[in-house]
Amino acid sequence: MATQTILVLGATGKQGGATIKSLLDRPKDASPIHILALTRNPSSPAAQTLATAHPDVVELVQGDSTTPEPIFSARPKGSIHAVYVVTLPGKVSEETQAIPLIEAAVAHGVQHIVLSSVDRGGDEKSWTNPTKIKHFYEKHNIELHLRELARAQPGKFTWTILRPVAFLDNWAPGMMGKMFSAMIAASMKPTTKLQLVSARDIGMFAAAALTDPERWAGRAVGLAGDELTLGEAQEKFERVTGQTLPQTWTFLGSLLLWMVADVGNMFAFFEEEGYGADIEARRRELPTQDFETWLREGSQFEYSDIFLGSSPSRNRNAAHPPARRKARAKYPNTDTAFQQSQNKLVLNSPDGLAV
Ligand SMILES: NC(=O)c1ccc[n+]([C@@H]2O[C@H](COP(=O)([O-])OP(=O)(O)OC[C@H]3O[C@@H](n4cnc5c(N)ncnc54)[C@H](OP(=O)(O)O)[C@@H]3O)[C@@H](O)[C@H]2O)c1
């Protein structure tokens, strides 16, 4: 079997990192792959960890998504088979990060492009619902451009669009996890559910789409593994960890929603429209994580088997639960630096939350 070369953007981040991990975790007899991991800074601890842990499969590529030509021209035409595209909200528009790169990829002979976008109310509705949230409608514009580019050049390349909902990983231990809870409390009714997905699952679907284009070509799907009210999340968190779901003062959540318009618009969307991913359909395709599974298998929160099935009040009274185990995501051969980079704050753009 010929080796497939896959370029992964955002390789040192949550989605790209999870995609690489899923690609590396494929069965031993799966078709061979070579991963080009794009980073602006190959000497960063996270990039170095990636490269040194898997030198035979992962190759660091220094580059910036806003200047894509050098990324492709450094390699023979047609030598990159698939690309995973992740964009970030910020000063440079997401269209600027993705559209020239997609065009350069197609001109270079890339056969399959997997775009990470965001769900905007369901698989069909998302095509016609840009929303008024900047980092949603910029992704919508990229989606339309990608689809049109493929229509204009039939047979040249195929695409898949993955549309994740809010990341479970927003609840990483630390201030941003507390702020995430506070913003939900400040903006959503106690009965309104928020759809959630783990970064691990985004990587799982991305790896599937990148390595099986025939099955995934022309599909645009929402990715979600659970949907919860804040109260349900609090109850499940307490049952699994024996602790209270981290949350800071609600007024701080309100303040952030007011100060950062795009984040305020997004939480208004959560309350008024909501994501519309088909959780059951995704679960039938691949083993997605719900909140509790993510807490045990993928989060950095501690959990204790001893409390499984016990009442929240008993958990609350347990000051020092015995036999507590670490429930860390398993990133074999990776070190703390990479682990931390996977869980870094989601407030990573000048515009606010990269949700
Ligand atoms: N958080 C949520 O709930 C949520 C939900 C749905 C969608 N999303 C979307 O997910 C996206 C963020 O994904 P993520 O959380 O995986 O991001 P992330 O963890 O912040 O990682 C992004 C990576 O992209 C790389 N990068 C940044 N600018 C770059 C550039 N100009 N050129 C090349 N590489 C660049 C960085 O790596 P280097 O520093 O190594 O270059 C960084 O590690 C956003 O668009 C957000 O809207 C988020």
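Below, the structure is looked at part by part. All chains use their own residue numbering, which begins from 1 and follows the written sequence. Only residues with pLDDT of at least 70 are given local features in this predicted model, and only at 80 or more are side-chain atom pairs given and counted; all residues enter the totals for whole chains, interfaces and linings.

## A look at the site of the ligand
Consideration 1: For each residue, a C-beta position is placed from the backbone atoms; the residue is near a molecule or strand when that point lies within 6 Å of it. Taken together, 31 residues lie near the ligand, and G13, Q15, T39, R40 and F167 sit nearest.
Consideration 2: Contributing elements (two or more residues each) for the shell around the ligand: α1 (14–24), β2 (33–39) and β7 (166–167).
Consideration 3: Secondary structure elements are taken from DSSP: a helix is a run of H or I of four residues or more, a strand is a run of E of two residues or more, and numbering for both begins at the N terminus. At three residues, the largest contribution of residues to the shell around the ligand is made by α1.
Consideration 4: Ten residues, namely Ala, Val, Leu, Ile, Met, Phe, Trp, Tyr, Cys and Pro, are considered nonpolar, four, namely Asp, Glu, Lys and Arg, are considered charged, and the remaining ones, Gly among them, are considered polar. Across the shell around the ligand, the residue classes break down as 13 nonpolar, 15 polar and three charged.

## Notes on the sheet that holds strand β8 (residues 194–197)
Consideration 1: For two strands to count as paired, DSSP must find a minimum of two bridges between them. Reading across the sheet, the three strands line up as β7-β8-β10 and stay open at both edges, with mixed pairing between neighbours. The sheet is open, and its two borders are formed by β7 and β10 (226–228), each paired with just one other strand.
Consideration 2: As defined by bridge partners, β7 adjoins β8 across two bridges and the pair is classed as parallel. When the bridges of β8 are listed, A166 appears paired with L196.

## Brief notes about the packing of helix α7 (residues 175–187) against helix α11 (residues 250–259)
Consideration 1: Following both chains from N to C, one finds α7 and α11 inclined at 80°, their axes separated by 7 Å at the closest point. Taken together, α7 and α11 sit at an angle that is classed as roughly perpendicular. Mapping the contact onto sequence places M179, A182, M183, A185, A186 and S187 in α7 and T250, L252, G253, S254, L256 and L257 in α11.
Consideration 2: In terms of residue class, the contact of α7 with α11 is built from eight nonpolar, four polar and no charged. Orientation is described by lines fitted to C-alpha atoms, with helices fitted over the stretch in contact, and by angles between N-to-C directions that extend from 0 to 180 degrees. For this classification, under 35 degrees means roughly parallel, over 145 means roughly antiparallel, 65 to 115 means roughly perpendicular, and everything else is oblique. By definition, residue pairs are in contact when their C-beta atoms, positioned from the backbone, come within 7 Å.

## So, the pairing of strand β3 (residues 58–62)
Consideration 1: Relative to β3, β2 runs parallel, the two being bridged by five bridges. Looking at the pairing, A37 lines up with L60 of β3.
Consideration 2: Crossover handedness is defined here as right-handed if the route from the first strand over the helix to the second strand goes clockwise, with the strands pointing away from the viewer. The β-α-β motif built from β2, the intervening helix α2 (residues 45–53) and the parallel element β3 has right-handed crossover chirality.

## Considering the nonpolar core
General note: in soluble globular proteins, nonpolar side chains tend to be found buried as a group.
Consideration 1: Think of a nonpolar core as buried Ala, Val, Leu, Ile, Met, Phe, Trp, Tyr and Cys residues chained together by C-beta atoms that fall within 7 Å. As a rule, residues whose C-beta atom has 12 or fewer other C-beta atoms within 10 Å are exposed, those with 20 or more are buried, and those in between are partly exposed; C-beta atoms are placed from the backbone. With 92 residues, the main nonpolar core has I6, V8, A37, Y84, V85, I113 and V114 as its most contacted residues.
Consideration 2: Ranked by residue count, the leading element in this core is helix α8 (residues 199–211), at eight residues.
Consideration 3: Excluding residues within four positions of it along the chain, V114 makes contact with A82, Y84, V85, T160, L162, A206, A209 and L210.

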